[in-house]
Amino acid sequence: ATAFVKNMHFDVCLMTGGGYEAEFGFSNGTDETATFQRTVIENSRKKILMMPNQKIGFKAFIKVCDANKFDTLITDWDAVEDELNKFEEAGVQVIIADKE
C-alpha cells in the first residue's frame, strides 16, 4: 500500500492515529501504519488530523511526524486546553467540535 501511494498526490488528507502530543508529534501503534501515514502526509497538499480528546497529549508507540506537519486539528470539547495552545503556537489551526 505504501509503494502504491508514493505515486499519488492528494489535495486533502483526513487522518487519525494513536496520539498527538506537541513535543513528540503525531504517533501510532505500528511501524507499518506509521510508514503508510508518513507517505500520505508527504504527498498531501492540505493535512487535517481528527483526534478525540483522549488522544491529545498522548504518545503512541511509533512517531509518524512532528506536530506542525498538520494544517488543522479537529477535536472535541474535552481536549486539554494547554496542549491545544501548544499546537496553535506551532501553526496548527485548532477546531473544537461543539458538545451538542
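The structure presented is a predicted model; accordingly, all values stated were derived computationally and were not measured. (Residues numbered from 1 in each chain as written. Predicted model: local features only at pLDDT ≥ 70, side-chain atom pairs only at ≥ 80, totals over all residues. Heavy atoms only, no water.)

What follows covers a negative patch on the surface. Together, Glu81, Asp82, Glu88 and Glu89 give the surface a local cluster of negative charge. With respect to the element layout, Glu81 can be found in helix H3 (residues 81-89). (Patch = residues over 30% accessible without salt bridge, like charges linked within 9 Å, V, L, I, M, F, W, Y side chains within 5 Å. Areas by Shrake-Rupley, 256 points an atom, 1.4 Å probe, with all protein chains shown as cover. Salt bridge = Lys/Arg side-chain N within 4 Å of Asp/Glu carboxyl O. Lys, Arg positive; Asp, Glu negative; His and termini not counted. Charge placed at Lys NZ, Arg CZ, Asp CG, Glu CD. Helix = DSSP H or I, 4+ residues; strand = E, 2+ residues; numbered from the N terminus.)

As a general point, the strands of a sheet are linked pairwise by backbone hydrogen bonds and lie either parallel or antiparallel. Judged by pairing direction, the sheet is parallel, and its four strands sit side by side in the order S1-S4-S6-S7 without closing on themselves. A strand with exactly one partner marks an edge of an open sheet, and here the two such strands are strand S1 (10-15) and strand S7 (93-97). On average, adjacent strands in this sheet sit at an angle of 20° to one another, irrespective of strand direction. As judged from the three bridges shared by strand S4 (residues 44-50) and strand S6 (residues 72-76), these two strands associate in the parallel manner. When the sheet's bridge partners are listed, Leu49 is paired in S6 with Leu73. The sheet contacts of helix H2 (residues 31-42) involve S1 and S4, and relative to S1 the element is tilted by about 140°. Packing of H3 onto the sheet brings it into contact with S6 and S7, and relative to S7 it is tilted by some 145°. (Pairing = 2+ DSSP bridges. Axes fitted to C-alpha atoms, helices over the stretch in contact; angles between N-to-C directions. Contact = heavy atoms within 4.5 Å.)

Every buried residue of H3 is accounted for by Glu83, Leu84 and Phe87. For H3, the angular spread of buried residues about the axis comes to 100°, placing them on one side. Opposite the buried face of H3, by more than 90 degrees, sit the exposed residues Glu81, Asp82 and Glu89. Buried positions along H3 lie against strand S2 (19-21), S6 and S7. Note on H3: the residue one or two positions beyond its end, Gly91, has a positive phi of about 95°. (Buried < 20%, exposed > 50% of the residue type's maximum accessible area, 1.4 Å probe, protein only. Arc of directions from axis to C-beta.)

Keep in mind these numbers describe shape, not what the thing actually does.
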